[in-house]
Structures are given as C-alpha cells and as structure tokens.
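Structural characterization, general
Residue strings, one per chain:
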Amino acid sequence: VANASLLDEGTAVAEAVNMFCSNRKAPKRVFLSSNLHPQSISIVKTRCGPRDIEVLVGDHNDFDFEATPVAGIVLQYPASTGTAEDYAALTERAHAAGADVAVAADLLSLTMLKAPGDFGADIAVGSAQRFGVPLGYGGPHAAFMACSDKYKRKLPGRIIGLSVDSHGN
C-alpha cells in the first residue's frame, strides 16, 4: 500500500519510526543508520523526544540486534554518501530479532536499483520531488510512503480508492 501525501522525506522517516513503535508495546527504541540524510536524523530525534522513543544512531553494519532490541531500523538507499548497499542480509538479521526495516529511498535510483521490498523492507519512504514541482518553484515537495500489509492500517496521509457498499453503490 502506498501514498504520496506526506510533507517531505525527513517527516516520512519520522512517520515510519512512529509506525514501528505504535505497532508494538516494547521496545520504544529505534536505530538509524548514520548514513541516513542528516536532516532526516534531526527530524526523527525531534519528533521522537516527546513520544519517549529512544533514537540510536550508528553504523548499521556493526549494530547488534540481540544486545540492543529495537522496534525498527531505518536505512538510506542510496546512502547519504552515495553508496548503494545490498541490505538483504541486514534485513534478515533485523527480522530475525523482531525488528522491522524502513528504507529512505531515492525514487529515480529505483529505476536501476533493487526495490526495498525486494530485499525485505517493511516500509519505504522518500521524496517525490524529482517527479514533481521543481525545487526553485515553491513546494512542498510531497514525500511518498509504501508499506507491507501489516502496516497498512497505520499508514499516515490520504489513501484514495474506490469504496463499494453492500448494494453496489
């Protein structure tokens, strides 16, 4: 399930973190890869403070899911440094430890890279600015969010579709 009515990528990342933590009772802790865009890390920290969600930031390759249980992990794809890693093994490790995975992805790069859902991500977010209003022409530049079925009832924003009642109306 997907939508595109969020404010920006950083806000979409924060919404993904909220989805992780509202979907389970404990732990109210998330891990952000240090390769996430700095503005996303900043927004997540700001939004998580009042909700008492602990935010850890570090190297995702060194994170020990068993020693420090988290509700979820957020990765950047491609990373803020420009590298495009295969996160399949990391996603498997996270899921085995009961953590979910969100990936902040560049839409245009996904025309060439493997889609986050193909390596097991539960939530994918990002900016849709590349396909919308030019940066110098105003905004906001809508962000997108897509999620697996288990999160579809927690998806923020608007989902537009066709509803049919029991009489076919």
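Just so you know, these numbers come straight off a predicted model, no measurement behind them.

Things to note about the nonpolar core
- Ranked by size, the top nonpolar core spans 28 residues in total, and within it Phe-20 and Ile-123 carry the most contacts.
- For this core, the secondary structure elements donating two or more residues are α1 (9-22), β2 (29-33), α2 (38-48), β5 (100-105), β6 (123-127) and β7 (143-147).
- Contact partners of Ile-123, with chain neighbours within four places excluded, come to Ala-16, Met-19, Phe-20, Val-101, Ala-102, Val-103, Met-145, Ala-146, Cys-147 and Tyr-151.
- The next biggest cluster of nonpolar side chains, apart from the first, holds 16 residues, and it includes Phe-31, Leu-75, Phe-119 and Ala-121.

Some thoughts on the packing of α1 against α2
- In the contact formed by α1 and α2, the axes pass within 8 Å of each other and the chain directions differ by 45°. When the axis of α1 is compared with that of α2, the two are oblique. As for the relative orientation of α1 and α2, their crossing is right-handed in sense. The residues of α2 that touch α1, namely those facing Glu-9, Gly-10, Thr-11, Val-13, Ala-14, Glu-15, Val-17 and Asn-18, are Ser-40, Ile-43, Val-44, Arg-47 and Cys-48.

Here we look at unusual backbone geometry
- With omega at -10°, the peptide bond leading from Tyr-77 into Pro-78 counts as cis.
- Looking at where Pro-78 falls in the secondary structure, it is placed in the loop between β4 (72-77) and α3 (88-96).
- Although it is not a glycine, Asp-52 sits at a positive phi angle of roughly 55°.
- If you trace the backbone, Asp-52 turns up in the loop between α2 and β3 (54-58).
- When its relative accessible area of 63% is taken as the criterion, Asp-52 is described as exposed.

Some remarks on the pattern of salt bridges
- Applying the stated criterion across every chain yields a total of 3 salt bridges.
- With its nearest N and O atoms 2.8 Å apart, the salt bridge here joins Glu-15 to Arg-47. Residue Glu-15 is found in helix α1, and its partner Arg-47 is found in helix α2; the two are separated by 32 residues along the sequence.
- Across the pair Asp-100 and Lys-150 runs a salt bridge, and its minimum N-O distance is 2.9 Å. In this pair, Asp-100 is assigned in strand β5 and Lys-150 in the segment after β7, connecting sequence segments 50 residues apart.

Considerations on the packing of aromatic side chains
- Taken as a whole, this structure holds 6 aromatic pairs when the rule is applied.
- Members of the aromatic cluster, each reached through a chain of ring pairs, are Phe-31, Phe-63 and Phe-65.

Some thoughts on the pairing of β3
- The pairing of β2 with β3 spans 5 bridges and is classified as parallel. Residue Arg-29 lies in a different strand from β3, and its bridge partner there is Glu-54.
- For the crossover from β2 across α2 to β3, the handedness is right-handed.

Thresholds, definitions, all that
Residues numbered from 1 in each chain as written. Predicted model: local features only at pLDDT ≥ 70, side-chain atom pairs only at ≥ 80, totals over all residues. Heavy atoms only, no water. Core = buried A, V, L, I, M, F, W, Y, C linked by side-chain atoms within 4.5 Å. Buried < 20%, exposed > 50% of the residue type's maximum accessible area, 1.4 Å probe, protein only. Helix = DSSP H or I, 4+ residues; strand = E, 2+ residues; numbered from the N terminus. Contact = heavy atoms within 4.5 Å. Axes fitted to C-alpha atoms, helices over the stretch in contact; angles between N-to-C directions. Parallel < 35°, antiparallel > 145°, perpendicular 65-115°, else oblique. Left-handed = near helix turned anticlockwise from the far one by under 90°. Salt bridge = Lys/Arg side-chain N within 4 Å of Asp/Glu carboxyl O. Phe/Tyr/Trp six-rings, centres within 6.5 Å; stacked < 30°, edge-to-face > 60°. Pairing = 2+ DSSP bridges. Right-handed = clockwise from strand over helix to strand, strands pointing away.

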